[in-house]
Structures are given as C-alpha cells and as structure tokens.
There are 2 protein chains.
Amino acid sequence: MWRRIKEPPSIISALDVSFDVAKKIAYELDKITHVSGLKIGSMLVMEHGLKVCQALKSNVPVILDMQKGATDIPEIVREQVKLAASYDVDAFIGSPLGAGSGRGTTKQGTLEAFVSACMEYSVIPIVVLEMTQPGATYFIRESACEELAQMICGLEIPYVVAPATKPERITLYREIFERESADVEIISPGVGPQRTGDPLKDSAEAVRHGADHVVIGRAIYKANNPANVALKIGGEIQKAFRERKQCLGKKKKSD
Amino acid sequence: MWRRIKEPPSIISALDVSFDVAKKIAYELDKITHVSGLKIGSMLVMEHGLKVCQALKSNVPVILDMQKGATDIPEIVREQVKLAASYDVDAFIGSPLGAGSGRGTTKQGTLEAFVSACMEYSVIPIVVLEMTQPGATYFIRESACEELAQMICGLEIPYVVAPATKPERITLYREIFERESADVEIISPGVGPQRTGDPLKDSAEAVRHGADHVVIGRAIYKANNPANVALKIGGEIQKAFRERKQCLGKKKKSD
C-alpha cells in the first residue's frame, strides 16, 4: 500500500545542522547501505525553505520533519526560537500539548524550554491551549488543556490561543485567568469557514465570550478588498469587546 | 515582563497565502489600527525560508506560526503534505498527538487528513506515537499514545516514531503491532545524548526492544568521520536486529 523507505533495520540521519554540514554528511552517507533516510528538520527549512530537500537529495530518501513548531524536544525548541529571533520574528506560537512539560521531573520540559527561550531572545511566547478542529482534544482531553491554562498563569505567559469554534471554551479559559488574576490575552482562530461561515458574526461572538484577538485567514486573504474586510471586522470586535467589559463591570458591581 | 503586540481587541491576519498575495495584504493592512499582527505560517516559511518574515515586516508585528508540521487543522495539514510532495519529499513525519482525530465525529480529523493526503500525494506517512523528552506525556498520557498505536494498525500506516529513551515503550508498541498483525515499522530517536550518551549501545538497545530504525543526530553530524560512525552503528543494529528475530523465532516455536 505504501512505498517503503528501506528494509529494517536502518539509520535515519537527522540533519539538524547548517546546510554546508548537511550537504557534506548527505554526500558521505550516500553509499552507506544502513542509512535509509536523511531527516531534514525545521531548522534547515526555516533557514532556506524547502529547496534544501531537493539540494540534499541523493540516493537516500529525504524525510521532512517540521518538528512541530515549538512542539519538539526542549533542545530543538530553544533553537527554533533563537533562529526565529534572528529573523526579526516578534512572537512565536508554540504548542506544547503533544510535547509536554517537565513539571514533576528535575528537567526542563518543552513548555518551560519554550518560555525560557522566548525570554532569552525577546520573542513573545504565544501558547496554544486548545485547537479548533473536530476531534482536536481526542488524544489530549479537555482537562489537560485546562491544566495547561492554569500553568500559563504561573509562567506569566502573555498570550494563549483558544478556539473560536467553541466559544464556551474561550469563556472557561477567561474565567481561569480571572480567577488567577493573570494578565493573559486570548487569541482566537477558527472564525468564518471553520465556524458559521460569517467571520463578522463569529469574531464578535468569540470576543463576547472572552477572546481579545481574532485570527482571520481566508476571510481577509480571499477578499477583493482585504483592508475593507479588516476594517469591518475591526468594528464588530470593538463593539463586542466594549459589551463584554460593560457586562464585567456590572457583574463586579453586583458581586 | 513581556512586550505586548497591541492592546486588545485586535486582528491577527493569517497569511496562509503565496508571498505575492501576502505582501499585498501586509501592505494593505499596514495602516489598519485593528490589526496587531501578521501571522506567517509554515507554508510561506517552507516555501521561502524565514526571510519572508523580514520581507513582510512593516509597522505590524510578525508572528511566526510553524503550524506544528502535520499537527495543525486538517486543511493545513493537507497543504503541507502537498507542498512537501512538490519538493520531492519522500516521507513526512506527522504528530497528531496534540491535534487529534476525527474518530467519533462525522468529519476528518488531523490524523485522518494527514494519512489521506499522504496517500493522495504519494508521500510516506510517519506518525509520532510518543516523544523522547522528559514529561513528553505530561499532557497527552501514555494511554492516548497507545490508543494512537491501535488506530495506526487500522489505518495501515507503515511507520511510527517511538522513543529510544524509553525502550520498554518500544516493546509495548511492538507488541500491539504484533497482536494486530500490523506491518508497522518503528523508528526510534533519542539515542546518545538523550539516553546514556553512547549511541552504539543505545541504538542496539532500541533495536533489541523492537525498533526497526534509529534516528541519529549529533553522534553523526558532530563526528570527525560521520560515515565511519554510521558504519559502526549500522553494525551494532544489524546484530541487535538479528538477535531480536532469533528470540522471536524461539518464542514462536515454544508457543
């Protein structure tokens, strides 16, 4: 059914190195029968783009490992943040859900490595709490996402990502942050095509439920006049944000 | 403590488009006060390298979202696989742990989208079952990794990734595949620096425990003679693989 790389056992060589070194190694491994693949990681691709895959290709198959943007082992995550910083990246969205935390161990886990690297290189960390797609929490469970939200407060992370496709989940996270008096802003993707199809309505709903920022994809980039769409959505979320703050003010007064 | 992008509420514009379109949109959004960030996704970076971040930078901060290599929403994962295929990539390592499965819903989840896109574009899918680092299963739980291994069998995925840092976990996955008569080969990273420090010993141990392929990073690329190291490790794993098959033969005979 699938092509196979090579009969086991074999070696896949991870080329988490500069292009020149990778090329040298690819050349040297070309005739080694035990080597079944050259693993091209996100660092090379981020630096040069995917053309490295072609450039390094020889007799040995090329395996692309995008290393899950800040979802890899702590050592790689630190390198990703450093490289991104050197290219003027302001903020980095990291997703430690599948990669974990060192809490309870004596070592830094992926979450902690991500945050400390962001601190070191002055990159703003944005942590994905929960994703938008159907079945997103199938493996991870909603309770683990909520525990991550709690940990965010202790780590003083300024931004998180929570799904506009599930406004009630945004509210739940907002409540966690308020309970902990944590100054965390919520960024919500998933408006428009992933939700009701109406990005204006969805954006406003997300903000009313506790989102501070919305991520807009297709609704803007497929528009005839992107600036115009951005302006319209901007108006809607401004209104929704004001409503939310007023509600909160009333609630606090009545408490 | 952290720089902030902009006061809420705001719009982050996801530029999951071609560079020319992204540039046009970035220009158009430059003066829109509601827009707090340009989100540069993995597609642009994979195509052009991180220099796109600099090229698109204006008054609006640039947010890098590497979209977790096949760990994003199904729509993006499909695009990643397609783009990788167009650049001669043979195999793609996807990690659906944090992104889920559509099982139980009426839709394709990330896992299923990854597999079907690989099929469509003739890319070999490799699925991460469990990662190597401390606390890797802190959010995900080992039981979810095991459930993913079970699902792999039904989806006829040819390769998985399991951690050489935890050989007993490799054995557990190997047993699942044998019980299900699934022809799945196990790729193991995490030998050398992440384990005992001795890549030869660690590689052999991983293979004895059920790994079919080992991923070698630093041990090869930092070596004075990478080919030589590859040859040595190749010898070790060949021996270990033979031992494992013999054991299995004996076990089957005695059953």
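Caption draft 1: Molecular detail of the overall build of chain A. Helices and strands together make up the secondary structure of chain A, namely ten helices and eight strands. Taking the principal axes of the C-alpha coordinates as reference, chain A spans close to 75 × 50 × 40 Å. By the burial criterion, 62% of the 255 residues in chain A qualify as buried. The contacts of chain A with a sequence gap of at least 6 include a subset with a gap of at least 24, amounting to 71%. Total accessible area on chain A stands at roughly 9800 Å², and carbon and sulfur atoms take up 49% of it. Across chain A, the centroid of the 33 positively charged side chains sits 4 Å from that of the 32 negatively charged ones.

Caption draft 2: Structural detail: the side chain of Thr-137 of chain B. Relative to the helices and strands, Thr-137 of chain B is located in the loop between strand S5 (124–128) and helix H6 (142–155). Apart from residues no more than four positions distant in its own chain, Thr-137 of chain B is found in contact with Glu-130, Glu-142 and Cys-145 of chain B.

Caption draft 3: Spatial organisation of the environment of Lys-39 of chain B. Mapped onto the fold, Lys-39 of chain B is located in strand S2 (residues 35–41). Once the C-alpha coordinates of Lys-39 of chain B and Ala-162 of chain B are considered, the two residues, 123 residues apart in sequence, prove to be 32 Å apart.

Caption draft 4: Just the sheet that holds strand S8 (residues 213–216) of chain A, in detail. The strand order S4(A)-S5(A)-S6(A)-S7(A)-S8(A)-S1(B)-S2(B)-S3(B) describes a closed barrel built from eight strands, whose pairing is parallel. The mean angle between the axes of side-by-side strands here comes to 25 degrees, regardless of whether they run parallel or antiparallel. Bridge count between strand S4 (residues 91–94) of chain A and strand S5 (residues 124–128) of chain A: four bridges; the pairing is parallel. By the bridge assignment, Ala-91 of chain A is partnered in S5 of chain A with Ile-124 of chain A.

Caption draft 5: Fine view of the relation of the copies chain B and chain A. The transformation that overlays chain B on chain A combines an axial shift of 0.0 Å with a rotation of 180 degrees, and the residual RMSD is 0.0 Å. Here the symmetry operator amounts to a two-fold rotation axis. A share of 100% of the interface residues of chain B reappears at the interface of chain A, consistent with the copies meeting face to face through the same patch.

Caption draft 6: How the structure looks around the interface of chain B and chain A. In this complex, chain B contributes 122 residues to the contact, which on the side of chain A involves 122 residues. Each partner contributes to the roughly 10400 Å² buried at the junction of chain B and chain A, and carbon and sulfur atoms together form 66% of this total. The interface formed by chain B and chain A holds zero salt bridges in total. The interface formed by chain B and chain A holds ten residue pairs in polar contact (both at pLDDT 80 or more) in total. Residue composition of the side of chain B that touches chain A, by class: 70 nonpolar, 29 polar and 23 charged. Pairing analysis gives four bridges linking strand S1 (residues 10–14) of chain A to strand S8 (residues 213–216) of chain B, with the strands arranged parallel. Bridge pairing links Ile-12 of chain A to Val-215 of chain B in S8 of chain B.

Caption draft 7: Molecular detail of the packing of aromatic side chains. All names here are of chain B. The final tally for this structure, using the stated rule, is four aromatic pairs over all chains. Note on Tyr-138 and Phe-139: the rings are 5.2 Å apart at their centroids and 90 degrees apart in plane angle, and the pair reads as edge-to-face. Relative accessible area serves as the criterion here: at 24%, Tyr-138 is assigned to the partly exposed category. Phe-139 sits in the buried class, given a relative accessible area of 0%.

Caption draft 8: Structural view of the state of the cysteines. Applying the stated criterion to the full structure yields zero disulfides over all chains. Take Cys-53 of chain B: it sits in no disulfide, and the sulfur closest to it among the cysteines is that of Cys-118 of chain A, at 14 Å. For Cys-53 of chain B, a relative accessible area of 0% puts it in the buried group. The cysteine Cys-145 of chain B is free of any disulfide, with Cys-153 of chain B supplying the nearest cysteine sulfur at 14 Å. Given a relative accessible area of 0%, Cys-145 of chain B falls into the buried group.

Caption draft 9: Broad picture of the sheet that holds S1 of chain A. Strand order in the closed barrel made by the eight strands is S1(A)-S2(A)-S3(A)-S4(B)-S5(B)-S6(B)-S7(B)-S8(B), with parallel pairing throughout. Sheet twist, expressed as the average angle between the axes of neighbouring strands with direction ignored, equals 25 degrees. Bridging between S1 of chain A and strand S2 (residues 35–41) of chain A involves four bridges; their strand directions are parallel. Across the sheet, Ile-11 of chain A pairs through a bridge with Val-35 of chain A, a residue of S2 of chain A. Taken strand by strand, helix H5 (residues 110–120) of chain B contacts strand S4 (91–94) and S5 of chain B, and its axis lies near 155 degrees from that of S5 of chain B. Running at roughly 165 degrees to strand S7 (residues 185–188) of chain B, helix H7 (residues 167–179) of chain B makes contact with strand S6 (159–161) and S7 of chain B of the sheet.

Caption draft 10: Broad picture of helix H1 (residues 19–29) of chain B. All names here are of chain B. Among the residues making up H1, those that are buried are Ala-22, Ile-25, Ala-26 and Leu-29. Buried residues of H1, viewed axially, fall in a sector of 105 degrees; they line one side. Residues of H1 that are exposed and point over 90 degrees away from its buried face: Asp-20 and Tyr-27.

Caption draft 11: Looking closely at unusual backbone geometry. Within the chain, Ser-181 of chain A stands out as a residue other than glycine whose phi angle is a positive 50 degrees. Secondary-structure assignment places Ser-181 of chain A in the loop between helix H7 (167–179) and strand S7 (185–188).

Caption draft 12: Molecular detail of the packing of helix H4 (residues 74–86) of chain A against helix H5 (residues 110–120) of chain A. Residue and element names in this part refer to chain A. Running from N to C, H4 and H5 cross one another at 25 degrees; their axes reach a closest spacing of 9 Å. With respect to H5, the element H4 is oriented roughly parallel. Between H4 and H5 lies a crossing whose hand is right-handed. From H4, Pro-74, Val-77, Arg-78 and Val-81 reach across to H5, where they touch Thr-110, Ala-113, Phe-114, Ala-117 and Cys-118. Along the lines of polarity and charge, the residues of the contact of H4 with H5 split into seven nonpolar, one polar and one charged.

Scoring rules and cut-offs
- Residues numbered from 1 in each chain as written.
- Chains lettered and ligands numbered in written order.
- Predicted model: local features only at pLDDT ≥ 70, side-chain atom pairs only at ≥ 80, totals over all residues.
- Heavy atoms only, no water.
- Helix = DSSP H or I, 4+ residues; strand = E, 2+ residues; numbered from the N terminus.
- Buried < 20%, exposed > 50% of the residue type's maximum accessible area, 1.4 Å probe, protein only.
- Contact = heavy atoms within 4.5 Å.
- Areas by Shrake-Rupley, 256 points an atom, 1.4 Å probe, with all protein chains shown as cover.
- Lys, Arg positive; Asp, Glu negative; His and termini not counted.
- Charge placed at Lys NZ, Arg CZ, Asp CG, Glu CD.
- Pairing = 2+ DSSP bridges.
- Axes fitted to C-alpha atoms, helices over the stretch in contact; angles between N-to-C directions.
- Least-squares fit on C-alpha atoms with pLDDT ≥ 70 in both.
- Buried area = accessible area lost by both parts, 1.4 Å probe.
- Salt bridge = Lys/Arg side-chain N within 4 Å of Asp/Glu carboxyl O.
- Polar contact = N/O pair within 3.5 Å; in protein donor to acceptor, adjacent residues only side chain to side chain.
- Nonpolar A, V, L, I, M, F, W, Y, C, P; charged D, E, K, R; others polar.
- Phe/Tyr/Trp six-rings, centres within 6.5 Å; stacked < 30°, edge-to-face > 60°.
- Disulfide = S-S within 2.5 Å.
- Arc of directions from axis to C-beta.
- Parallel < 35°, antiparallel > 145°, perpendicular 65-115°, else oblique.
- Left-handed = near helix turned anticlockwise from the far one by under 90°.

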